[in-house]
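Residue-level listing of the chains:
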Amino acid sequence: MANPSSSSPQRTVKLYGQPNSPAAYEIRDFLSRSVVEFLWVELTCDEDCQSQLGLPVLSELRLPIVEFPDGHQLFSPTIQEIAQRLGWVSQPKFKEYDLSIYGAGPAGLSAAVYAASEGLRTVLVERQAIGGQAGTSSLIENYMGFPEGISGADLAERARQQAVKFGIEVLLLREGVKARFDNNRIYVDMADGNKMIARANICATGVEYRRLNLPDEGKFLNRGLFYGAGASEAPMCEDEHVYVVGGGNSAGQAAMYFSQYAKQVTMLVRGSNLAASLSDYLIKKITATDNIKVLFNSKVTDLMGESALKQIEITDNKTDTTQQVKTQKLFICIGGLPNTDWAKDTHIIRDKSGYLITGSELLKKGRPPATWTLDREPFYLETSVPGSFAAGDVRRGSVKRVASAVGEGAMAVTFVHKYLGETQ
Ligand SMILES: Cc1cc2nc3c(=O)[nH]c(=O)nc-3n(C[C@H](O)[C@H](O)[C@H](O)COP(=O)(O)OP(=O)(O)OC[C@H]3O[C@@H](n4cnc5c(N)ncnc54)[C@H](O)[C@@H]3O)c2cc1C
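On a predicted model such as this, the values are computed, not experimentally measured, just so you know.

J.: Pulling in residues and values, what's your account of the domain arrangement of the protein?
T.: Partitioning the protein into domains gives domain 1 (13-85), domain 2 (96-209 + 337-422) and domain 3 (217-332). With centres defined by C-alpha atoms, the gap from domain 1 to domain 3 works out at 27 Å. The interface of domain 1 with domain 3 comprises nine residues on the first partner and 10 residues on the second. Taken together, both faces of the contact between domain 1 and domain 3 bury some 840 Å²; the carbon and sulfur share is 53%. Summed over the three residues of domain 1 that lose the most area to domain 3, namely N20, P22 and Y25, the buried surface amounts to 65% of that side. Put simply, domain 1 and domain 3 have one salt bridge between them.

J.: Can you explain the side chain of T383? Please cite residues and give values.
T.: For T383, the position within the fold is in the loop between β20 (336-338) and β21 (388-390). Its relative accessible area of 1% is what places T383 among the buried residues. At a separation of 2.8 Å, a polar atom in the side chain of T383 contacts the main-chain carbonyl oxygen of S388.

J.: If you had to explain the site of the ligand to someone new, which residues and values would you point to?
T.: Among the 35 residues in the neighbourhood of the ligand, the closest are listed as E126, Q133, Y209, Q253 and D393. Between the ligand and the protein, one listed contact pairs an oxygen atom with a side-chain N or O atom of Q128 at 3.5 Å. Here R401 contributes a backbone N or O atom positioned 3.2 Å from an oxygen atom of the ligand. Notes on the ligand: free accessible area 1,000 Å², of which the protein chains cover 96%. At the level of secondary structure, the elements contributing two or more residues to the shell around the ligand comprise α4 (106-117), β6 (122-126), β11 (207-209), α7 (249-259) and α9 (402-422). Residue classes in the shell around the ligand are distributed as 13 nonpolar, 15 polar and seven charged.

J.: Pulling in residues and values, what's your account of the layout of surface pockets?
T.: If you add up the space inside the second largest pocket, you get close to 410 Å³. Around the second largest pocket, the lining is made up of 21 residues, and of these S32, F38, A231, S232 and Y257 lie nearest the centre. Counting residues per element, the ones that place at least two in the lining of the second largest pocket are α1 (22-33), β2 (38-42) and α5 (152-165).

J.: Go over the sheet that holds strand β1 (residues 13-17), please, and point to the residues and values.
T.: The sheet built from four strands is open, its strands ordered β2-β1-β3-β4 with mixed pairing. Edge positions in the sheet fall to β2 and β4 (73-75), since each of these pairs with one other strand and no more. Neighbour to neighbour, the strand axes of the sheet diverge by 15° on average, direction disregarded. On top of the sheet, α1 reaches β1, β2 and β3 (65-67); it is set at about 165° to β2, its chief contact.

J.: Can you break down the environment of R121 residue by residue, with the values?
T.: Along the chain, R121 falls in the loop between α4 and β6. Separated by 25 residues in the primary sequence, R121 and F146 have C-alpha atoms spaced 31 Å apart.

J.: Just give me the short version of the pattern of salt bridges, but keep the residues and values in it.
T.: Tallied over the entire structure, the rule returns 17 salt bridges. Across the pair D29 and R33 runs a salt bridge, and its minimum N-O distance is 3.3 Å. Here R33 and D29 lie together in helix α1, a separation of four residues that amounts to about one turn. Exposure remark for R33: the relative accessible area of 12% places this residue in the buried category. One salt bridge connects E157 with R160, and the closest N-O pair in it is separated by 2.8 Å.

J.: So what's going on with the sheet that holds strand β18 (residues 322-326)? Which residues, and what values?
T.: For sheets, the rule is that strands pair by backbone hydrogen bonds, running either parallel or antiparallel. Strands sit in the order β16-β17-β18 across an open sheet of three strands; the sheet is antiparallel. Of all the strands in the sheet, just β16 (298-305) and β18 have a single pairing partner and so form its edges. For this sheet, the mean inter-axis angle between neighbouring strands, taken without regard to orientation, is 25°. As paired elements, β16 and strand β17 (residues 309-316) share seven bridges and run antiparallel to each other. Looking at β17, one finds that M304 is bridged to Q311.

J.: Quick rundown of the packing of α4 against α5? Include the residues and the values.
T.: With their axes 9 Å apart at the nearest point, α4 and α5 run at an angle of 20° to one another. Classified by the angle between their axes, α4 and α5 sit roughly parallel to one another. Crossing geometry of α4 relative to α5 is assigned as left-handed. Across from L109, A112, V113 and A116 in α4, the residues of α5 making contact are A156, A159, R160, Q162 and A163.

J.: An account of the packing of aromatic side chains is requested, with residue identities and associated values reported.
T.: One pass over the full model with this rule turns up nine aromatic pairs. Taken together, a centroid distance of 6.0 Å and an interplanar angle of 55° make the contact between F30 and W88 tilted. With F30 in helix α1 and W88 in the loop between α3 (79-85) and β5 (96-102), this residue pair connects regions lying 58 residues apart in the sequence. Each of the two residues, F30 as well as W88, counts as buried. Taking 5.7 Å as the distance between ring centres and 85° as the angle between the ring planes, the aromatic pair formed by F94 and Y97 counts as edge-to-face. Among the aromatic residues, those joined into a ring-pair cluster are Y25, F226, F258 and F331. The ring of F68 is capped by R85, whose NZ or CZ atom sits 5.9 Å from the centre of that ring.

Analysis parameters
Residues numbered from 1 in each chain as written. Predicted model: local features only at pLDDT ≥ 70, side-chain atom pairs only at ≥ 80, totals over all residues. Heavy atoms only, no water. Domains from an automatic or database assignment. Contact = heavy atoms within 4.5 Å. Buried area = accessible area lost by both parts, 1.4 Å probe. Salt bridge = Lys/Arg side-chain N within 4 Å of Asp/Glu carboxyl O. Helix = DSSP H or I, 4+ residues; strand = E, 2+ residues; numbered from the N terminus. Buried < 20%, exposed > 50% of the residue type's maximum accessible area, 1.4 Å probe, protein only. Polar contact = N/O pair within 3.5 Å; in protein donor to acceptor, adjacent residues only side chain to side chain. Near = heavy atom within 4 Å. Areas by Shrake-Rupley, 256 points an atom, 1.4 Å probe, with all protein chains shown as cover. Nonpolar A, V, L, I, M, F, W, Y, C, P; charged D, E, K, R; others polar. 1 Å grid on protein atoms, 1.4 Å probe; cavity = no way out; pocket = protein on both sides within 12 Å on 5 of 7 lines; lining within 4 Å. Points joined across faces, edges and corners; volume = space filled by probe spheres on them. Pairing = 2+ DSSP bridges. Axes fitted to C-alpha atoms, helices over the stretch in contact; angles between N-to-C directions. Parallel < 35°, antiparallel > 145°, perpendicular 65-115°, else oblique. Left-handed = near helix turned anticlockwise from the far one by under 90°. Phe/Tyr/Trp six-rings, centres within 6.5 Å; stacked < 30°, edge-to-face > 60°. Lys NZ or Arg CZ within 6 Å of the ring centre and 35° of its normal.

Next up, the structure:
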């Protein structure tokens, strides 16, 4: 079980809530990505309430309830309150750091391990859960060193422990929202009103799933419609027909994981084959799994239900014909959009989609951008602002894989050393 500020184990947390509760889903997702062992207890009537909690009336409870191993209960808590109770929320220790890293996915975690092990005073800032996208993966099978595969959350937790061992400071549930570069420093406004100052920074803020943008999406969000691979939800999908939208590795992995629990899994793929977007090992597995079906040239065009998702409309891209199918579980795993809003009012150059441009890609006719202030050209992972680096999925042209994100995180630290050497 994870604890961003130490590596001591904890005992099981209990989560009580009603089926199809978006708040309960968010807590399950956070706990599962943070490798906190928990027991989900579904309450559907007053009798459940009485037997589980010794409280008589379900409608009078502020759900969900999180019960910690010491018996303390939080009623309808925010993620922040849960993290606080677990001892994971702390204040920055220093006024200024050598290096601030934004994003604790594979790129940020790898940068944290190398920076801390090499003695840089480093802070790692993460707005959600440790592990980033990788933390939502049920089984990563192609990362070197794990022949049987490893869950993304476990991999991230190992990296976190390693970084903590080397003295990294982790600030969880903090988000950098705006940056300013001045006096060889980066000044970042945090969402909670705090400021973070560092001599160099690595942006490892990755990407997040694009939205379907369907009319009733908000109504069904986390009430049957989920963004991501749903690792925390699979055990609750027994006897269900689960639909997964997407044809990439994240969708393929999700389909494989759900197939172990659900009655049937259908992948809805926009293209006409899997080979263009899915790794060969996953294509072989999916093809060999009886309860996974792939519908090509298809997209979701409507969502239906009362308080929760009950039915979806699927449209065939080629024939424009539609069909309506019953399902209570729809998982969306379609491509990403980079998290770079924080760079909006700076000299950092982004491409049209928002990816950060680095290194030689910044040169026009062999020259750095006009705002570039140094005699040398930008280093390979350096953005258009000296001392500000990008690593992993957020960087234009990066290979969207765990191994490449880890490699770039480590590499970025080497450039940080070079940069800090110049500005001594
Ligand atoms: C379900 C799934 C399965 C996958 N399986 C595989 C696989 O088997 N093999 C493989 O090689 N790759 C896989 N991938 C891809 C791989 O996970 C990504 O390429 C990798 O996670 C990218 O790492 P990253 O650190 O660049 O970014 P991310 O993992 O996206 O992490 C970015 C982090 O930054 C945080 N953040 C964003 N904005 C801010 C901010 N302003 N302030 C603070 N924090 C912020 C986010 O919350 C997030 O935690 C999978 C992806 C998914 C979604």
